[in-house]
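Listed below are the residues making up each chain.
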Amino acid sequence: MWRTRAAAACVICRSLANSSCGIKRKSPLQNLHLVSRSIHHPYYPSSKFQRPPLRISIQQFSSLNRLPLHKTKLLNVKHGYQSHRNFWLARLASRLLKVRYLILGSAVGGGYTAKKTYDQWKDMMPDLEDYKWIVPDFIWELDELVDFEKLLKALPDADDLAKLLPDFDKIGESLASLKGFLSPGSPGETAFRATDQGYESDKQFKKGLLGELILLQQQIQQHEEEARRAAGFSSQQKRKVSDKEKIDQLQEELLRTQLKYQRMLERLEKENKELRKLVLQRDDKGIHQRKLKKSLIDMYSEVLDILSDYDASYNTQDHLPRVVVVGDQSAGKTSVLEMIAQARIFPRGSGEMMTRSPVKVTLSEGPHHVALFKDSSREFDLTKEEDLAALRNEIEIRMRNSVKEGCTVSTETISLSVKGPGLQRMVLVDLPGVISTVTSGMAPDTKETIFSISKAYMQNPNAIILCIQDGSVDAERSIVTDLVSQMDPQGKRTIFVLTKVDLAEKNVASPNRIQQIIEGKLFPMKALGYFAVVTGKGNSSESIESIKEYEEEFFQNSKLLKTSMLKAHQVTTKNLSLAVSDCFWKMVRESVEQQADAFKATRFNLETEWKNNYPRLRELDRNELFEKAKNEILDEVISLTQVTPKHWEEMLEKTLWERVSTHVIENIYLPAAQTANSGTFNTTVDIKLKQWTDKQLPNKAVEVAWETLQEEFSRFMTEKKGKEHDDIFDKLKQAVKEETIKRHKWNERAEDSLRVIQHNALEDRSISDKQQWDAAIHFMEETLQSRLKDTESVIEDMVGPNWKKRWLHWVGRTKEQNIRNETKNELEKLIKCNEDHPAYLANDEVTTVRKNLEARGVAVDPCLIKDTWHQIYRRYFLKSALNHCNLCRRGFYYYQRHFVDSELECNDIVLFWRIQRMLAITANTLRQQLTNTEVRRLEKNVKEVLEDFAEDNEKKVMLLTGKRVQLAEDLKKVREIQEKLEAFIEALHQEK
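Residues numbered from 1 in each chain as written. Predicted model: local features only at pLDDT ≥ 70, side-chain atom pairs only at ≥ 80, totals over all residues. Heavy atoms only, no water.

For the protein, the name recorded in an unreviewed UniProt entry is Dynamin-like GTPase OPA1, mitochondrial, with Catharus ustulatus as its organism. The Catalytic activity (unreviewed entry) comment attached to the protein in UniProt states, word for word, "GTP + H2O = GDP + phosphate + H(+)". (UniProt positions renumbered as here; feature names shortened; annotations may be inferred.)

Here it is, written out as structure tokens:
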């Protein structure tokens, strides 16, 4: 209002100045608007002009931009007194014409009309919130999260950085050309003008090149809506060009603009990828936020790995999100995953099943493009073809090893991590392809097994289902769509991907069929989004870059985009990976805290169960129990060194004599005792002892020592220690004992040294005192009595019970026992007739005995006679030897005189003394070997066995079993999962 009145006043002032004369002066405007100058001029008749000051030239400034303007010459005004009646015509004209009111009314009416037009066009604009997900979240938050000044300081050189930066001049030209496209006369002119005011506030937050690109995308989407409505408005406009031609022209222009924008975005992403790589390689303090993002997905992947180990059958309690990739066999699942991972990492085959087990792929950001397995430290460089081939071969080997005999697929998950610049962070699980028919070479239950594996992963309510459909085959042949629709009927977590669109466009007669698939009208299943991708020409040797170029070229020339059957955000694997990553993290943020609470409740239940069942025991898991058992076993091995030497020697001497006594009696003493004189006796004994020492005795002694060590070791391992004994370790101790005994071998050089010692001991015949003589007699008597007892037991078994047992126990003799009894009686008569009878029967004596028996009606075989004679004579000889021992008790005096002038000969006593002394010396030698060498070697073997068992988890699971162990294991796993989930949630909140 004031400005309108001021403008009218200025007109009057100018007319006055022109009609009068005065001094030319320039008045300072200072910061006032040009239109407001007339406010300072009085225009009422009673006003008097004041004489202005001296003429001063002052530079004038604008209140808008504070920049200097051109000097403006003021009107020449002649100052002086004028009567107000000279201006009555001007006052009358201004009052009549009402100029100021007309100007004010025009301004108000024009403003109201403009506002009403703006509101109408604003209501017609589409809601762009639904398309906001096309642009990644990091673009919107880039200005807030990244400090560009610190990044500039971190760059190595300004010249090198300038080469990596985009060409801003060309981008400016592109923006200018786009604004030229939206010049006056186009149908969308009014819409773009109406939205210019809305964009003014957004530009304050979206600065720089990325902000311009976002605005460009929004303008493209608005222009797309205008192009659709162009057909409705064209009938109301009279143009020379027909409506159809105008629509086609607008669509072509729109497509070119979209493709141009897509190329610009890809170029920026490529340059951004290089910048990320440089930044990640620099250890700068300003990139901690990026490092946090890099490790976030790794933390989440660790939780999934622990869950996989905790319950291999995929417990329904595990509702943590992951991207589950399902599809028909050879539908292109693996190719889509490789495009997302930007590397050809999976084995490939022509029509045959290659994915035989689930493969969990964790994608994360890193400075180098590498891959590594969860249980391996080797990194595969994905930029080198030899490493790629080795990785594919390793995956194939792991798959085949995981498949059990008689099966085709496996439920065991292979965990793989892929890192690289620009990779979208997510966790994907590639499942075996769904089949409709079991072919030859497959297990009969292959189809059902694949279905069960797929359902197990998809039944997770927070799993994102990436449904892959082959676009080159008839949609009716698909099996996976029905399976997905069963698991996710509402399509709240399903993303549909149509592969091989290039082949589909060539083979499908009606392109509208592809449009129906992408719009979700052909299949009964529903989905969050629909995408169309091209994953190559079918050549396994194609690189990822060549596939990307082919995909971009195809969609650039495809009629599907030109005819608007497909939208720009629904094509290319790049847009697919962005959408999947966005959905994955959205699902993670929505569900991870709920899962943490579920594991917290599980932990409380397990801890309560432990307190009720094992109130006084610590919660030791399988590894901790193994360490406890390991310490106990090592303590028991050390206990072997505490065994006294006397105990070792007594055990060794006793066991060795039990092992060699039969040989000494049967092969040395009895043959030598049948000789005629003492000289022949000693010669026979020396020869046989030498042979025995050279061939058998050292080996027998080592065997006895090793068996004695085993016996003592077993005694310590199995001995119960009262209330402190824990039977949960019994199976482990038994397994350690058996494995240690199997591995332990006695020192090979021990036999050679032992042979010399034993030979020297047996060569000695000098008994030094009466005590040793008596000890030898006692040793001989014990040995002979033991043999006599065994012989009488054998004879009793041969001839049957005697008359006393027959009367008391009501038992009788068998026919054979009666025959042997008669034979025994006949042979005893033979010995009584000749007390010096040799050990063997002559043939004529056998015939005589047989005939005597036949005369009494007993038919007997000569072999039976000889067999019975051996036992009868053996008993007779042992009794005679025992009587001889009694005679030799007083023979030590004659021994010292070498039995000169004496009919008594005690060479058998000397023999047993030599044997007894050899046993004592051998036992002492073996004891020294045991305590000094073998016990330590046994302890070393025990440690090696325990270390091997510690690395073998299957062995520990098999040997440490029971409810107590399983409950402790569950507690440990649940606690670990909960702690890692809480750490992940904390990092997730920090990232926000």
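A. Molecular detail of the overall build of the protein. The helix and strand inventory of the protein stands at 36 helices and 9 strands. Sorting the 992 residues of the protein into buried and exposed places 43% on the buried side. (Helix = DSSP H or I, 4+ residues; strand = E, 2+ residues; numbered from the N terminus. Buried < 20%, exposed > 50% of the residue type's maximum accessible area, 1.4 Å probe, protein only.)

B. Spatial organisation of helix 27 (residues 750-763). Relative to the 20 Å expected for 14 residues at 1.5 Å per residue, helix 27 spans 20 Å between its end C-alpha atoms, a close match to the ideal helical length. Every buried residue of helix 27 is listed here: Ala750, Leu754, Gln758, Ala761 and Leu762. The buried residues of helix 27 occupy one face: seen down the axis, they fall within an arc of 90°. Looking at the packing, one finds that the buried side of helix 27 touches helix 24 (678-695), helix 25 (697-718) and helix 34 (907-951). (Expected span 1.5 Å × (residues − 1). Arc of directions from axis to C-beta. Contact = heavy atoms within 4.5 Å.)

C. Up close: the sheet that holds strand 4 (residues 380-381). The sheet built from 9 strands is open, its strands ordered 4-3-5-2-6-1-7-8-9 with mixed pairing. The strands lining the two open edges of the sheet, one partner per strand, are strand 4 and strand 9 (529-532). Taken together, the 5 bridges between strand 1 (residues 323-327) and strand 7 (residues 464-470) define a ladder with parallel strand orientation. What sits directly across from valine 325, in strand 7, is leucine 466. Seen against the sheet, helix 16 (residues 480-487) touches strand 1, strand 7 and strand 8 (494-499) and runs at an angle of roughly 160° to strand 7. (Pairing = 2+ DSSP bridges. Axes fitted to C-alpha atoms, helices over the stretch in contact; angles between N-to-C directions.)

D. Expanded view of the pairing of strand 5 (residues 414-420). The element strand 5 is largely enclosed, with a buried count of 6 among its 7 residues. Here 7 bridges tie strand 2 (residues 359-365) to strand 5, and the two strands are oriented parallel to one another. Note on strand 5: the bridge partner recorded for valine 359 is isoleucine 414. Sheet topology note: the strand 3 (residues 370-373)/strand 5 ladder contains 4 bridges and is antiparallel. If you follow alanine 371 over to strand 5, its bridge partner there is valine 418.

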